Structures are given as structure tokens and as C-alpha cells.
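Structure at a glance
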Amino acid sequence: QVRLVESGGGLVQPGGSLRLSCAASGSIFNINAMGWYRQAPGTERELVASIPTGGMTKYADSVKGRFTISRDNAKNTVYLQMNSLKPEDTAVYYCNVIGRVGVLAQLNAYWGQGTQVTVSS
């Protein structure tokens, strides 16, 4: 059982900042990558940023230079610092963890419940 607990969403003015946090817990063997997706009403879920273990960070073009993803491996926590927020950033943001629950288990994707980010004047 893997549990992802998200926090940090809310309402912010354009140009403001928010920091999202996601802590993973449970019977996970290891974590290969952590990241954030978002989904606005009527749209498909899209990758915002990811940070694989031992790999390069990846960002959607729309957030490059504004968002920063980071990890605290000791706490199994991933963060998303969001600066210079725009109304088009409004969406439900979902934490994503790619990991393994056992030595013989396949890699799987685990999802948080989502946290609402609303950017509005």
C-alpha cells in the first residue's frame, strides 16, 4: 500500500507563488521518479515536471523558468515551487510516483488525490 499526501494548493493572484508538497509512504521498495501532473477542466492530464532518481529534471515548456521541482529523498517528498503564476496554470495538480512495491514487482505509477491551484485576479 502506497499513500501519497499532497498539500500546498490554494487561491493566488497572478504573479504570485505557491509551493506544492507530496510525501510518499507505505510499502514501497524504491522510487524511480517523482513528478507533478495537472488537469484543467475539459483537458487531458499533462506532465508539469518530473525528477527521476539519478536523471535529469524535465519540465513542460509552458512552465520552464517559472516552476522548480525538487526532492527530499530522506523524507520521500517531492516539491513543486511555482512562481510567476498565470491564470492558465489553474488546474488540479496531481503528485505522481513511479516505484516498486517488492523485489519481483513491476514498476507502477501511484497518484495523489490532487490539490486545486487557482490563479485569479
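Criteria and thresholds
Residues numbered from 1 in each chain as written. Predicted model: local features only at pLDDT ≥ 70, side-chain atom pairs only at ≥ 80, totals over all residues. Heavy atoms only, no water. Patch = residues over 30% accessible without salt bridge, like charges linked within 9 Å, V, L, I, M, F, W, Y side chains within 5 Å. Areas by Shrake-Rupley, 256 points an atom, 1.4 Å probe, with all protein chains shown as cover. Salt bridge = Lys/Arg side-chain N within 4 Å of Asp/Glu carboxyl O. Helix = DSSP H or I, 4+ residues; strand = E, 2+ residues; numbered from the N terminus. Contact = heavy atoms within 4.5 Å. Buried < 20%, exposed > 50% of the residue type's maximum accessible area, 1.4 Å probe, protein only. Polar contact = N/O pair within 3.5 Å; in protein donor to acceptor, adjacent residues only side chain to side chain. Pairing = 2+ DSSP bridges. Axes fitted to C-alpha atoms, helices over the stretch in contact; angles between N-to-C directions. Phe/Tyr/Trp six-rings, centres within 6.5 Å; stacked < 30°, edge-to-face > 60°. Lys NZ or Arg CZ within 6 Å of the ring centre and 35° of its normal. Disulfide = S-S within 2.5 Å.

Our focus in this paragraph is a nonpolar patch on the surface. A contiguous nonpolar patch, built from Phe29, Val103 and Leu104 and spanning about 390 Å² of accessible area, is present on the exposed surface. The residue valine 103 is located in the loop between strand 9 (91-100) and strand 10 (108-111) in this model.

One can find serine 50 in strand 5 (residues 46-52). Setting aside its immediate chain neighbours within four residues, serine 50 contacts Met34, Gly35, Met56, Thr57, Lys58 and Ile69.

Okay, the side chain of threonine 77 next. Tracing the backbone through its elements, the reader meets threonine 77 in strand 8 (residues 77-82). Here threonine 77 falls in the buried class, since its relative accessible area comes to 7%. At 3.0 Å, the side chain of threonine 77 forms a polar contact with the backbone oxygen of lysine 75. When residues no more than four places from it in sequence are discounted, the contact partners of threonine 77 are Cys22, Ala23, Met34, Ser70, Arg71 and Asp72.

With respect to topology, 4 strands assemble into an open sheet ordered 1-3-8-7, the strand pairing being antiparallel. Bordering the open sheet on either side are strand 1 (2-7) and strand 7 (67-72), each of which pairs with just one other strand. The sheet shows a mean angle of 15° between the axes of neighbouring strands, direction not considered. Here 6 bridges tie strand 1 to strand 3 (residues 18-26), and the two strands are oriented antiparallel to one another. Bridged to glutamate 6 within strand 3 is cysteine 22.

Here we come to the pairing of strand 7. In regular strands, side chains alternate between the two faces of the sheet. Where strand 7 and strand 8 come together, 6 bridges link them in antiparallel fashion. Paired with aspartate 72 across the bridge in strand 8 is threonine 77.

For the rest of this paragraph, the subject is the packing of aromatic side chains. Counting across every chain of the model gives 1 aromatic pair. With 5.0 Å between their ring centres and 70° between their planes, tyrosine 37 and tryptophan 111 make a pair best called edge-to-face. Here tyrosine 37 is found in strand 4 (residues 30-39), whereas its partner tryptophan 111 is found in strand 10, with 74 residues between them in sequence. Residue tyrosine 37 is classed as partly exposed on the basis of its relative accessible area, which comes to 23%. Judged by relative accessible area, tryptophan 111 falls into the partly exposed class, the value being 35%. Geometry around tyrosine 94 places arginine 45 over its ring, the cationic atom sitting 3.9 Å from the centre. Over the aromatic face of tryptophan 111 sits the side chain of arginine 45, whose NZ or CZ is 4.6 Å from the ring centroid.

Taken as a whole and assessed by the stated rule, the structure comprises 1 disulfide. Covalently, cysteine 22 is tied to cysteine 95 through a disulfide, its sulfur atoms 2.0 Å apart. Disulfide cysteine 22 to cysteine 95: torsion about the S-S bond roughly -85°, handedness left-handed. Here cysteine 95 lies in strand 9 and cysteine 22 lies in strand 3, a separation of 73 residues in the sequence. Residue cysteine 22 shares its accessibility class with cysteine 95, and that shared class is buried.

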